[in-house]
Amino acid sequence: MANVVLSNKEFNVVGTRPVRHDGYDKVTGKAQYSNDIDLPGLLHAKILRSPHAHANIISIDTSAAEAHPDVKAVVLAADMIQGDELDDSQDDTRNNILATDKVLYKGHAVAAVAATSLHVAEEALDLINVEYEVLDCVTNVEDAIAENAPVLHEKYRNTGDDDLSKRPNVAAHGKLVIGNIDKGFEEADVVIEREYRTEMVHQGYIEPHAATAWWTTSNDRLTVWCSSQGHFPIRDRISGVMGIPISQIKVVPMEIGGGFGGKTTIYVEPVAAVLSKKSGAPVKLAMSRADVLEASGPTSGSYMKCKVGAKKDGTITAAYAQLLYEAGAFPGSPVNAAANCIFSPYDIANVDIDAYDIVNNKPKTAAYRAPGAPGAAFASETVLDELADELGIDPIDFRIQNGAKEGTRRAAGIVNPVIGAIETAQAAKDSDHYQTSLEGPNRGRGVASGFWTNGAGIACAHAAVNYDGKVGLTIGTTDIGGSRPAAAMMFAEVLGIPVDEVIPQIGDTDTIGYSSMAGGSSVTFKTGWASYEAAQDVKRQMIGRAAIYWDVSEDEVDLVDGVFQHSSDPELKLSFKELAALTAETGGPVYGRANLDSRGAGPAYGTHVVDVEVDTETGKVTVLRYTAVQDAGKAIHPSYVEGQIQGGVAQGIGWALNEEYYMGDSGQMMNATLLDYRMPTSLDLPMLDTIIVEKENPEHPYGLRGAGEVPIVPPLAALANAIYDAIGVRMNTLPMNPSAVLKAIAEK
């Protein structure tokens, strides 16, 4: 089966598959990434990282490093703005960038040096003497909240009583309730309650974090070149932890070699900036692969309980979840997002969710594609599968029967707008995959659904019409998945011009107005909308120019399929290119612009079907066939939407079957290389089929919904359900690697 688009509306440009504008530069190596910057007098920096997972810093002696003739600067936490000038979040960020009096995970940054070469910088790290007082560490949720657990932060010491929110290292407790949970379970004929555990995993982006900073003393301004998911928020965060005005900082966005949520924060940028200020030269600082795995932001491991009740007729009456997510060294796990998402594919009257944010001695977590939702869905969707099996109902029919719809109130209290939850489940049921029987020993089929809220936000777009008819389109959000061509397509659709006549680029923080983070499946929605409005501005101005040229009223000029024409005189016609050539003599350059704070991002849903084969002698799980169905509202560029879905599924399969932070007894990550941190490759996967359902989002000019988050949500549970169908064993821990599967078979 190939990729399928169930289209709801046809356009001239939107919905087609043009070649991406940046493709040539990327495949030929012309595109510049963050580590490609080379400036006059460039210094190279390295960071000294803690060998301990938990320790007090007694002293740091940098004198030998500073005495090295080729070392130009040494930086400690004391060289940055201090905690009493920061709010809690900024203080945590600054402490994560460079530790002050305590290290909280192996790899925690302690000091940094800038030298004339990378080799000298590496040698200089050995000249820094740090004295530690090593402390006990905790590297999972359950140990972190034990009564006598070592405490990472005094403010989270708590009382250790029976109330989970009062346990050690619990940073926050959130609760979502709708209906009456006790009444709901009383109405149930069947109740399933299970416990689940997942491990910390990494986003797995190919490009390590890197930044080049140049603090020029002549104008006291800082310029930073880096790849990120939002150069404006990165600028603001640098400002926050360094105590300098945002107007003093310019961030230049480079091409990004993957992010998936992991490049929404700062690690090396402020360090490079302070080293540049102290040395008076530009400084480049890049992480190694081990640094990325040990000291950037993976996503949470968890311990979860999930309980769901249903009537004999299949109606779900109540759902409860207790979610304990590890935040790593500082608070801020995605547990609240997990709580918002876990039961949202369904219409359930009685829901109760407890969400706990827990610190432990691992790197501070960051976002990872639908943050929090995949792990939560692993719990809820396997319980639902077990319920359907107990009730003798087809698992997709069970999801359709209880599916969320317009008007359904989610656990967070939000009432659903127009959504496509039931439509995606129905499309999965109708698919060739689901309608084809699966035969053979130890083979099984699994189903799971998923949800993501989708984001919106602030975006700007500027458009300069050239005299040859081509248009330079500048946007303010990072391109992390084809947003440049998507923005160009929505722009071109308004004006009726070919998309290759639009030249999209990303402006730096001094070039274009503020645009918010590229995350939460928000970019195409908000930046596409801004581009649409900028095109409308260009259209209004061009109509005015035609009116001037013909000496008629603007009301008499129409734009039809890229041609300006008089409403009653068919002889008066000008193509967009012809009119662009006349702009100099009709008033000067045409420059369209738009800035907006978008609202109305429609939530997205998906349902996945997967077939597996389990080798009962080795425990190896082989994925035989995979079909992912997703509501995209309107697929602006179907190939990119298909790619987003396939990429999310591939990451979800890796999360489910292989990936984990394997921690040693002393709190060290034992598999901090891509050789040992096992991500799937194309050789591990079959062709991943997609079905795009287009349930129009009425809040957007082209009806789109974000597409990047949902596809990673169902795979974990879908694979667990397929394994059960294959060998009759329920998996409640991740990853479901061969040893875990063999253990489950032995305990059956």
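Position labels on residues start from 1 in each chain and follow its written sequence. The predicted origin of the model limits local features to residues at a pLDDT of at least 70 and limits the giving and counting of side-chain atom pairs to 80 or more, whereas totals for whole chains, interfaces and linings rest on all residues. Remark: hydrogens and water are excluded; side-chain values derive from all non-hydrogen atoms of the structure.

Asks: Any chance you could explain the nonpolar core here in plain terms?
Replies: As a rule of thumb, soluble globular proteins bury nonpolar side chains together. Side-chain atoms within 4.5 Å are what join buried Ala, Val, Leu, Ile, Met, Phe, Trp, Tyr and Cys residues into a set we call a nonpolar core. Partly exposed residues are those whose accessible area sits between 20% and 50% of the maximum for their type, while under 20% is buried and over 50% is exposed, using a 1.4 Å probe and protein chains only. Among the nonpolar cores identified, the biggest contains 95 residues, and L323, F343, I353 and M736 are the most heavily contacted of them. The helix and strand labels rest on DSSP assignments: H or I over at least four residues marks a helix, E over at least two residues marks a strand, and numbering proceeds from the N terminus. Among the elements that make up this core, the one with the highest residue count is helix α11 (residues 373–391) (10 residues). In what follows, residue pairs with any heavy atoms lying within 4.5 Å of each other are defined as contacts. With near-sequence residues (within four places) excluded, I353 lies in contact with G174, K175, L176, A321, L323, A339, I342, F343 and A411. Counting residues in hydrophobic clusters, the runner-up holds 47 residues, among them F491, M542, L579 and V590.

Asks: Help me understand the side chain of S531 in this model?
Replies: Here S531 is to be found in helix α16 (residues 523–550). Given the relative accessible area of 0%, S531 is considered buried. Side-chain atoms alone can form a polar contact between residues adjacent in sequence; in general such a contact is a pair of N or O atoms within 3.5 Å, and within protein one must be able to donate a hydrogen while the other accepts it. Among the polar contacts listed, one links the side chain of S531 to the backbone oxygen of T527, at a separation of 2.8 Å. Contact partners of S531, with chain neighbours within four places excluded, come to A461, L473, I475, A487 and F491.

Asks: Looking at this model, I keep getting lost on the pairing of strand β13 (residues 283–286). Mind explaining?
Replies: The side chains of a regular strand alternate, residue by residue, between the two faces of the sheet. Pairing analysis gives three bridges linking strand β2 (residues 43–49) to β13, with the strands arranged parallel. Residue A45 lies in a different strand from β13, and its bridge partner there is L285. Two strands are counted as paired when DSSP detects at least two bridges linking them.

Asks: In this structure, what is going on with the sheet that holds strand β12 (residues 249–253)? I would like to understand it.
Replies: Working definition: the strands of a sheet are paired by backbone hydrogen bonds and lie parallel or antiparallel to each other. What the seven strands build is an open sheet, ordered β4-β6-β2-β13-β10-β11-β12; its pairing is mixed. The open sheet terminates on both sides in strands that have one partner only, identified here as β4 (71–75) and β12. Neighbour to neighbour, the strand axes of the sheet diverge by 20 degrees on average, direction disregarded. Sitting on the sheet, helix α7 (residues 231–242) is in contact with β10 (210–216), β11 (221–226) and β12, with an inclination near 145 degrees to β12. Convention adopted: a line fitted to C-alpha atoms gives each axis, helices being fitted over their contacting stretch, and angles between N-to-C directions are expressed from 0 to 180 degrees.

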